[in-house]
Every structure is written in C-alpha cells, then in structure tokens.
Amino acid sequence: MILLDGLKVASERNLKLKEEIEKYAPTFGRVPSLSIILIGDNPASQSYVKGKGKACETVGIAHKLYHLNENVSEFEVVQLIEDLNDNPNVDGILLQLPIPKHLDEEKLINLISKDKDADGFHVINQGNLYQKRKTIKPATPKGVMSLLETYQINVSGMNACVVGRSNIVGFPLARLLMDAGATITVCHTKTKDLGYHTKQADLIIAAAGRPKMITKDMVKKGAIVVDVGVNRVEGKLVGDVDFDGVKDIAAYLTPVPKGVGPMTINALLENTFELYLSHFNIE
Ligand code: GUN
C-alpha cells in the first residue's frame, strides 16, 4: 500500500505558494489577507481555526481572527461581514462552520462577497462549479484532487464511490471527479447496501463523518481509498476508514490525521492567494 501523504504534499505546495507570495507582494504593496470568523467555543472549530491561522503564517498570508460570542446577534455578524466585504485590504473571508442554531447559515454564507469567498461556499461560486466554469473551489474537494494529481492518479474511466453528499465535500467532490472523467456513485445515509457500492469502486472517498465505517470487506483489492473523515473518539482523531483493516487491501490510502486535513488547509491558502491576484486583476 502506498500512503497518500497529505502532510508532505501540502508542505511542498505551501512552500511554492510562499515563493509566489514573495514574488507578488512587493509589486502590490501588501501580502494576501484572510479574515476568519469563529462563533462560539466548539473545541473542534477552535482547533481548525488555529491550524488555519498557523498555516497562513507559514506561507506569509496576513490573517485576522474574529472570535464572536456564542450568543452574538445575527445583526452583529451581518455588520462584521459587510465591513470585511467593504475593506479593500481583505482578500478572503471564512465563516467557520458549524455556527450556532439561532443564526441563518445560508444567509450568512451568501452575504460574504463571492469575490472574497475563500471557502467556495457562495451559491454563485457553487453554481459556477456545477456548470464547469472557472471559480473558487471548496477547499476539501480541491485538496483531494490535488493530492490525487500529485500521485499521478488519473481518475478518468475509474468507478468512484463518494460516501457522503454534503455541500462542503461529497457533492462538489463528485462534480470534480466527474469532470476528471470518473463514473460516480454518491452514497449517503439512505443508501441500502453501502458495501455493494464501495466494493465496485476503483476509488472510494469516505466523507460521511462516521468513525471507521469503511471496513476491509467493503473495499476491492487494489482500490484507492481517500479518507476525509475527522472524528474525535475518546480524545483521538479517527477517520471514516478502518485504516488498520483497509491498509492490507488498498493500493493507496490516506492516513488520518496528516492526510486530507493538511491538503484542505493548503487549498484554502491557495484560494486566498487566487482571490488576492484577482483583486489586483491578475487571472
Ligand atoms: N467546517 C468544517 N469544514 C469546514 C470548511 O472547510 N470550511 C469552513 N468554513 N468550516 C468548516
């Protein structure tokens, strides 16, 4: 089995990005900048946001965290987003999800300017993605595609099974894999015999958020298995794939942690840089 080493690939890409930023910043008079909005005290979100901030520092992206109280009013969040939209020194804005229930997630995501949408979650950016137009892509799907490309895995003609249909991962990743020539099956909570579908697949993407749900009996020998899951079980990070069982069957497998996670962060940084360039009218 070949380990799909997301940490290594992301570090290499981050280094290249750092060099690009150093190249452009003197001309533009400033480095790219990302504003991160975190609402409440969800420990997982706090840890993700910390990781994103640290990664910004590694590549030379200026970042600012707006940590709002759990009970913040929607009006205050709207004002903050509008201020950031209007600030010419802000390239990317990210609203860390999930947000507290009293706030309207869809409304707030779509209030972020589509031209500052570092996550690629804005309805217009998602629409562009689904119509195969150039756009900012959601970070995890983009990171997974970069990881496969780096290992020269050409998915064209493969049967790919995506387990999970979220707007953040499963659905957009199915679109990107389809564009790359794979035949897609999307499985979800209502799928009757999940193992039947995963067993046909040359490529399995596990993005359901259920610890160790993909077991070795569900994987075809020689398959490529990408684990997007990040589950905290008894204080440990565990993926959606039973790594110890599947490692003897799969040809390629991502670890958790140090697999897709660092690739997601790299894609977010690359998105922020892309937004920065487009703010200075560079395609
Ligand atoms: N929560 C879980 N994944 C993500 C992500 O990719 N972006 C944001 N903003 N929140 C998340």
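Before reading further, recall that the structure is shown in the block above.
None of the values given here were measured: they were computed from a predicted structure. (Residues numbered from 1 in each chain as written. Predicted model: local features only at pLDDT ≥ 70, side-chain atom pairs only at ≥ 80, totals over all residues. Heavy atoms only, no water.)

(A) A look at the packing of helix α1 (residues 6-28) against helix α10 (residues 260-279). At a closest axis distance of 9 Å, the pairing of α1 and α10 adopts a crossing angle of 15°. In this view, α1 runs roughly parallel relative to α10, as classed from their interaxial angle. In the packing of α1 onto α10, the handedness of the crossing is left-handed. Note on element contacts: α10 touches α1 through P262, M263, N266, L269, E270, F273, Y276 and L277, opposite G6, L7, V9, A10, R13, N14, L17, E20, I21, Y24, A25 and F28. (Axes fitted to C-alpha atoms, helices over the stretch in contact; angles between N-to-C directions. Helix = DSSP H or I, 4+ residues; strand = E, 2+ residues; numbered from the N terminus. Parallel < 35°, antiparallel > 145°, perpendicular 65-115°, else oblique. Left-handed = near helix turned anticlockwise from the far one by under 90°. Contact = heavy atoms within 4.5 Å.)

(B) Fine view of the site of the ligand. Close to the ligand lie K52, L94, L95, Q96, L97, D119 and F121, which account for all nearby residues. Here a nitrogen atom of the ligand and a backbone polar atom of L97 are 2.9 Å apart. In the complex, the protein chains occlude 82% of the 280 Å² of accessible area that the ligand would expose alone. Tallied by class, residues from the shell around the ligand come to four nonpolar, one polar and two charged. (Near = heavy atom within 4 Å. Polar contact = N/O pair within 3.5 Å; in protein donor to acceptor, adjacent residues only side chain to side chain. Areas by Shrake-Rupley, 256 points an atom, 1.4 Å probe, with all protein chains shown as cover. Nonpolar A, V, L, I, M, F, W, Y, C, P; charged D, E, K, R; others polar.)

(C) Structural view of the pattern of salt bridges. Considering all chains together, one arrives at 11 salt bridges under this definition. Between E274 and K142 there is a salt bridge, and its shortest N-O distance comes to 3.3 Å. In this pair, E274 is assigned in helix α10 and K142 in helix α6 (residues 139-150), connecting sequence segments 132 residues apart. The exposure class of E274 is partly exposed, given its relative accessible area of 27%. It is possible to trace a salt-bridge network through shared partners that takes in K134, K142 and E274. (Salt bridge = Lys/Arg side-chain N within 4 Å of Asp/Glu carboxyl O. Buried < 20%, exposed > 50% of the residue type's maximum accessible area, 1.4 Å probe, protein only.)

(D) A look at the environment of P211. Of note, P211 is situated in the loop between β7 (203-206) and β8 (224-227). On a C-alpha basis, the gap between P211 and V241 in space is 6.9 Å, while along the polypeptide they are 30 residues apart. Filtering out sequence-adjacent residues up to four positions away, P211 remains in contact with N231, V233, V238, G239 and D240.

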